[in-house]
Amino acid sequence: MTEQTLTASNEGAARKPQKAGLEGIVAATTAISNVDGQAGRLVYRGYDIHDLAHATTFEEIAYLLWFGYLPTQAELATLQASLLAQRQLPAQLLTILRDLPAGTAPMDALRTAVSAGGMYASVQGQPTIEQAIALTARFPLILATFHRLRQGLEVLEPRADLGYTANYLYLLTGREPGAEHVRGLDAYLVMLADHSMNASTFTARVVASTASDLASAVVAAICALKGPLHGGAADKAQEMLTAIGSAENAEPWIRATLTSGGRLMGFGHRAYKTTDPRAEELREMARHADPVGFTFARHVEELAVAILDEIKPGRRLYTNVDFYSAVLLSSGGIPVDLFTPTFAVARIAGWTAHILEQAANNRLIRPLAEYVGPNAQTFVPMEQRQERQ
Ligand code: ACO
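About the criteria used
- Sequence order sets the numbering: in each chain, residues are counted from 1 along the sequence as written.
- Thresholds applied to this predicted model are a pLDDT of at least 70 for local features of residues and 80 or more for the giving and counting of side-chain atom pairs; totals over whole chains, interfaces and linings are not thresholded and use all residues.
- Hydrogens and water are ignored here; the side-chain numbers use all heavy atoms of the structure.
- Helix and strand assignments come from DSSP, with helices taken as H or I runs of at least 4 residues and strands as E runs of at least 2, each series counted from the N terminus.
- The size measure is the radius of gyration over C-alpha atoms, and the globule rule it meets is 2.2 Å times the number of residues to the 0.38 power.
- The classification of residues rests on relative accessible area computed with a 1.4 Å probe and restricted to protein chains. Under 20% of the type maximum is buried, over 50% is exposed, and intermediate values are partly exposed.
- In what follows, residue pairs with any heavy atoms lying within 4.5 Å of each other are defined as contacts.
- Accessible surface area values rest on a Shrake-Rupley calculation with a 1.4 Å probe, where residue burial reflects the displayed protein chains alone.
- Note that His is not counted, nor are the chain ends; the positive residues are Lys and Arg, and the negative ones are Asp and Glu.
- Charge placement uses NZ in Lys and CZ in Arg. For Asp and Glu, CG and CD serve respectively.
- DSSP bridges decide pairing: two strands pair if at least two such bridges lie between them.
- To be near a molecule or strand, a residue needs just one of its heavy atoms within 4 Å of it.
- N or O atoms within 3.5 Å of each other form a polar contact, as long as, within protein, one can give a hydrogen and the other can take it, and as long as residues adjacent in sequence are counted only when both atoms are side-chain atoms.
- Residue polarity is assigned by list, with Asp, Glu, Lys and Arg as charged and Ala, Val, Leu, Ile, Met, Phe, Trp, Tyr, Cys and Pro as nonpolar; anything else, Gly included, falls into the polar class.
- The span one expects for a helix is its residue count, reduced by one, times 1.5 Å.
- Helix axes are fitted to C-alpha atoms over the stretch in contact, other axes to C-alpha atoms as well, and angles between N-to-C directions run from 0 to 180 degrees.
- Reported orientations rely on four angle classes, namely roughly parallel under 35 degrees, roughly antiparallel over 145, roughly perpendicular from 65 to 115, and oblique for the rest.
- Whether two aromatic rings pair depends on their centres lying within 6.5 Å, for rings of Phe, Tyr and Trp, where Trp uses its six-membered ring; planes under 30 degrees apart make the pair stacked, over 60 edge-to-face, and the rest tilted.
- We call a charge positioned over a ring when the NZ of a Lys or the CZ of an Arg lies within 6 Å of the ring centre and within 35 degrees of the ring normal.

## Digging into the overall build of the protein
Okay, so step 1: Secondary structure summary: the protein contains 17 helices and 3 strands in total.
Okay, so step 2: For the protein, whose C-alpha radius of gyration is 22 Å, the value lies close to the compact-globule estimate of 21 Å for 389 residues.
Okay, so step 3: Each principal axis of the C-alpha distribution contributes one length, and for the protein these read about 75 × 55 × 45 Å.
Okay, so step 4: Expressed as a percentage of its 389 residues, the buried residues of the protein come to 47%.
Okay, so step 5: Taking all contacts inside the protein whose residues are at least 6 apart in sequence as the whole, residues at least 24 apart take part in 75%.
Okay, so step 6: Accessible area of the protein: about 19,300 Å², with a carbon and sulfur share of 52%.
Okay, so step 7: Here the protein holds 33 positive side-chain charges and 39 negative ones, and the gap between their average locations is 6 Å.

## Regarding the sheet that holds strand β3 (residues 47–48)
Okay, so step 1: Pairing within the open sheet is antiparallel, and its 3 strands lie in the order β1-β2-β3. Because the sheet does not close on itself, it has two edges, and the strands there are β1 (33–36) and β3.
Okay, so step 2: Pairing between β1 and strand β2 (residues 41–44): 4 bridges, direction antiparallel. Bridge pairing in β2 links valine 35 to leucine 42.

## Here we look at the environment of alanine 369
Okay, so step 1: By the secondary structure assignment, alanine 369 is in the segment after α17 (339–360).
Okay, so step 2: Judged by relative accessible area, which is 73%, alanine 369 ranks as exposed.
Okay, so step 3: Sequence separation between alanine 369 and proline 17 is 352 residues, and the spatial gap between their C-alpha atoms is 8.5 Å.

## Brief notes about unusual backbone geometry
Residues apart from glycine generally show negative phi values, whereas peptide bonds are mostly found in trans.
Okay, so step 1: With phi around 50°, serine 196 is a residue other than glycine that occupies positive phi space.
Okay, so step 2: Take serine 196: it is sitting in the loop between α9 (179–192) and α10 (199–209).
Okay, so step 3: According to the relative accessible area criterion, serine 196 is buried, its value standing at 15%.
Okay, so step 4: Here the phi dihedral of alanine 376 falls at roughly 55°; this positive angle occurs in a residue that is not glycine.
Okay, so step 5: Its place among the elements puts alanine 376 in the segment after α17.
Okay, so step 6: By relative accessible area, alanine 376 is classed as exposed at 80%.

## Quick notes on the site of the ligand
Okay, so step 1: Residues in close proximity to the ligand total 22 residues, the closest being His230, Arg263, Leu264, Phe267 and Arg315.
Okay, so step 2: The separation between a nitrogen atom of the ligand and a polar main-chain atom of phenylalanine 267 is 2.8 Å.
Okay, so step 3: Notes on the ligand: free accessible area 910 Å², of which the protein chains cover 76%.
Okay, so step 4: Here the residues of the shell around the ligand are counted per class, giving 11 nonpolar, 6 polar and 5 charged.

## So, the side chain of threonine 201
Okay, so step 1: Tracing the backbone shows threonine 201 in helix α10.
Okay, so step 2: Discounting residues that sit within four places of it in the chain, threonine 201 has contacts with Asp194, Ser196, Arg347, Trp351 and His354.

## Details of helix α11 (residues 214–225)
Okay, so step 1: Across its 12 residues, α11 extends 16 Å between first and last C-alpha, which sits within 8% of the 16 Å expected from 1.5 Å per residue.
Okay, so step 2: Counting buried positions along α11 gives 9 out of 12 residues, so the element sits mostly inside the fold.
Okay, so step 3: Every buried residue of α11 is listed here: Leu214, Ala215, Ala217, Val218, Val219, Ala220, Ala221, Ile222 and Leu225.
Okay, so step 4: Backbone nitrogen of alanine 215 and a side-chain oxygen of the N-cap are separated by 3.3 Å at the start of α11; the cap is aspartate 213.

## Describing the packing of helix α12 (residues 233–244) against helix α15 (residues 291–311)
Pairs of packed helices are described in terms of their axes, by the angle between the two and the distance that separates them.
Okay, so step 1: Packing of α12 against α15 leaves a shortest axis separation of 11 Å and a crossing angle of 95°. As judged from the angle between their axes, α12 and α15 are roughly perpendicular. Where α12 abuts α15, its residues Met240, Leu241 and Ile244 lie against Phe296, Ala297 and Val300.
Okay, so step 2: Residues of the contact of α12 with α15, tallied by class, amount to 6 nonpolar, no polar and no charged.

## Some details on the packing of aromatic side chains
Okay, so step 1: The full count for this structure, using the stated rule, is 6 aromatic pairs.
Okay, so step 2: Here the aromatic rings of phenylalanine 58 and tyrosine 164 are separated by 4.6 Å at their centres, their planes lie at 20°, and the arrangement is stacked. Placement of phenylalanine 58 in helix α3 (residues 58–67) and of tyrosine 164 in helix α8 (residues 164–173) is noted, with a sequence separation of 106 residues between them.
Okay, so step 3: Residue classification places phenylalanine 58 among the buried positions, given a relative accessible area of 1%.
Okay, so step 4: Aromatic pair tyrosine 63 and phenylalanine 67: ring centres 4.2 Å apart, planes at 25°, arrangement stacked. Residue tyrosine 63 and its partner phenylalanine 67 are located together in helix α3, separated by 4 residues, close to a single helical turn.
Okay, so step 5: Here the aromatic residues Phe267, Phe294, Phe323 and Tyr324 are joined through ring pairs into a cluster of three or more.
Okay, so step 6: Looking at arginine 159, its charged tip hangs above the ring of tyrosine 170, at a distance of 5.1 Å from the centre.

Written out as structure tokens, the structure reads:
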């Protein structure tokens, strides 16, 4: 076969529709979270993210997203007990994780495990909160198990005396994490738990709208999150900081990247036309967690925002959530290729809340495409078609 016969014709489809990327399209109604991109405001069920970031735990936020209100002590204890009861992986999953080829990326391992787990565990049929709890409880286990196996280390048993976040860190490292470390990661998980109609949540809702099962909708969401234009930017932002390497190299590196048509990872956002409020919180957390890493990142941020404004005037490109996440997660000893999976450990709460919301008031999501291909072609039988040159 020649190269030509393998190349699809994209001539017509390359023309952008009026609302390319569904920009500005309202695809659902939701009572879960809202982004005001002009004001730089994010709310979960009406509560400002700045108020929630340091005053709540991930479990409280999962409760808020799933049930619609902040839990009392007793309600939180019930949820914690339910999460604890689900802190186990089916034995077959361990075999699957052990048998993955060397070099498997953690997001691929997560996707495979959730997909396989959907067949072994009770996450099929009509989506329920119980299924959401089960999957949420298993995400940290899957990633920590995979991470230990790939290093040839013993897989640890989850500890019943540790909460969701502390348990994740313990299972990854084998050490009981310090309170400050847990608090930092907990605030990160709180801030990344949901974000309205982002690409992965939209994907989850599309799958849920076909009346498919919760595990399938979550697998699809993982696939969308891993792309570098979405959650995959967390790893890439760290790689960018590593590639820049020094304060002196920042300006030439940024200019060279932008003038060659590249993008700065951790900058720009479809919704925010001002600083992402989560980036503001993460910036302050990074300042305390890793003063040296912070100083360098802040220098890169200031230059990047100024040069983006110069080279891309009017686009209003600022730091997004992934930039300082990279600094914070690095300072906490999380390996770079676990940044995006750790994002998923937070976002599973939002995905499942949206899947439940979609299922509760469902209508198939089925948009249109503007057809730009040829019309009224005359059909030519195979024996009369000319070979392409
Ligand atoms: N670096 C350089 N230029 C950028 C960047 C960036 N990070 N982001 C946008 N631009 C430019 C584009 O080149 C484009 O310029 P043009 O008008 O000259 O063609 C213009 O800004 C608009 O870009 P779009 O891609 O149309 O903006 P969109 O709203 O679709 O993109 C996105 C949003 C994908 C996040 C984009 O800003 C980007 O690629 N950022 C880098 C990747 C990243 O950090 N992703 C994480 C986002 S947060 C999250 O998903 C958790």
